[in-house]
Amino acid sequence: MCGIAALYAYDARAAATGREELRAASAWMECRGPDGKGEWSSSDGRALLAHRPLAIIHLVAAGAQPMDTADGADATSLIGEIDN
């Protein structure tokens, strides 16, 4: 099963979340998704996502996660399958 980690600083006064903490969580999840890894962070550093995929059928670059918008402002990471 894939693994997803997210860190978010709720309060605007909070310090930016740490990439080291996110990378530690991602490394810990390697057994859940050993077939790749991905990271995303918001421009202000207050929101971070990590994804560890488990390729059941095949792993393609077009499905790499977290997936972000063309301008990089928004991102999503999911476990599941999207058809059609």
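Heads up: the structure comes first, above all this text.
First, a word on scope: everything that follows refers to the structure included in this document. (Residues numbered from 1 in each chain as written. Predicted model: local features only at pLDDT ≥ 70, side-chain atom pairs only at ≥ 80, totals over all residues. Heavy atoms only, no water.)

1. Quick notes on the overall build of the protein
Definition in use: Segments assigned H or I by DSSP are reported as helices when at least four residues long, segments assigned E as strands when at least two residues long, and all are numbered from the N terminus. Exposed residues in this analysis have more than 50% of their type's maximum accessible area, buried residues have under 20%, and partly exposed residues fall in between, with area computed by a 1.4 Å probe over protein chains only. The charged-residue count follows a simple rule in which Lys and Arg add positive charge and Asp and Glu add negative charge, with His and chain termini not counted at all. Charged side chains are reduced to one point each, which is NZ for Lys, CZ for Arg, CG for Asp and CD for Glu.
Within the protein, the regular secondary structure consists of 1 helix and 5 strands. Along the protein, from the amino end to the carboxyl end, the secondary structure elements read β-α-β-β-β-β. Dimensions of the protein, computed from C-alpha atoms along their principal axes, come out at roughly 45 × 30 × 15 Å. Burial analysis of the protein (84 residues in total) assigns 27% to the buried set. Distance from the positive charge centre (7 side chains) to the negative charge centre (12 side chains) of the protein: 7 Å.

2. A closer look at a nonpolar patch on the surface
Put simply, the rule is: Here, patches come from residues exposed beyond 30% relative accessible area and free of salt bridges, joined within 9 Å for like charges and within 5 Å for nonpolar side chains (Val, Leu, Ile, Met, Phe, Trp, Tyr). Reported accessibility uses the Shrake-Rupley method at a 1.4 Å probe radius. Residues are deemed covered only where the shown protein chains occlude them. Note on definitions: salt bridges are taken to be side-chain nitrogens of Lys or Arg within 4 Å of carboxyl oxygens of Asp or Glu.
Taken together, the side chains of Met1, Ile4 and Ile79 define a hydrophobic patch exposed on the protein surface, amounting to about 300 Å² of accessible area. Summarising the element assignment, isoleucine 4 is placed in strand β1 (residues 3-8). Residue class for isoleucine 4 comes out partly exposed when judged on its relative accessible area of 35%.

3. Remarks on the side chain of serine 77
Put simply, the test is: Definition of a polar contact: a pair of N or O atoms within 3.5 Å, with one able to donate and the other able to accept a hydrogen when the atoms are protein atoms, and with sequence-neighbouring residues admitted only if both atoms are side-chain atoms.
Tracing the chain through its elements places serine 77 in the segment after β5 (75-76). Residue class for serine 77 comes out buried when judged on its relative accessible area of 15%. Polar side-chain contacts of serine 77 include one of 3.5 Å to the side chain of glutamine 65.

4. Some details on the sheet that holds strand β3 (residues 47-52)
This is how the line gets drawn: Only strands that DSSP links by at least two bridges are regarded as paired with each other. Axes, fitted as lines to C-alpha atoms, cover a helix only where it is in contact. Angles between the N-to-C directions of the axes lie from 0 to 180 degrees. Any pair of residues with heavy atoms lying within 4.5 Å of one another is described as a contacting pair.
The 3 strands lie next to each other as β1-β3-β2, forming an open sheet whose pairing is antiparallel. Of all strands in the sheet, those with a lone pairing partner are β1 and β2 (38-41), marking the two edges. Across the sheet, the mean angle separating the axes of adjacent strands is 10° when strand polarity is ignored. Looking at chain direction, β2 and β3 are connected through 4 bridges and run antiparallel. Each residue of the ladder has a partner; that of serine 41, found in β3, is leucine 48. In the packing of helix α1 (residues 19-28) onto the sheet, the strands contacted are β1, β2 and β3, and the crossing angle to β3 comes to about 20°.

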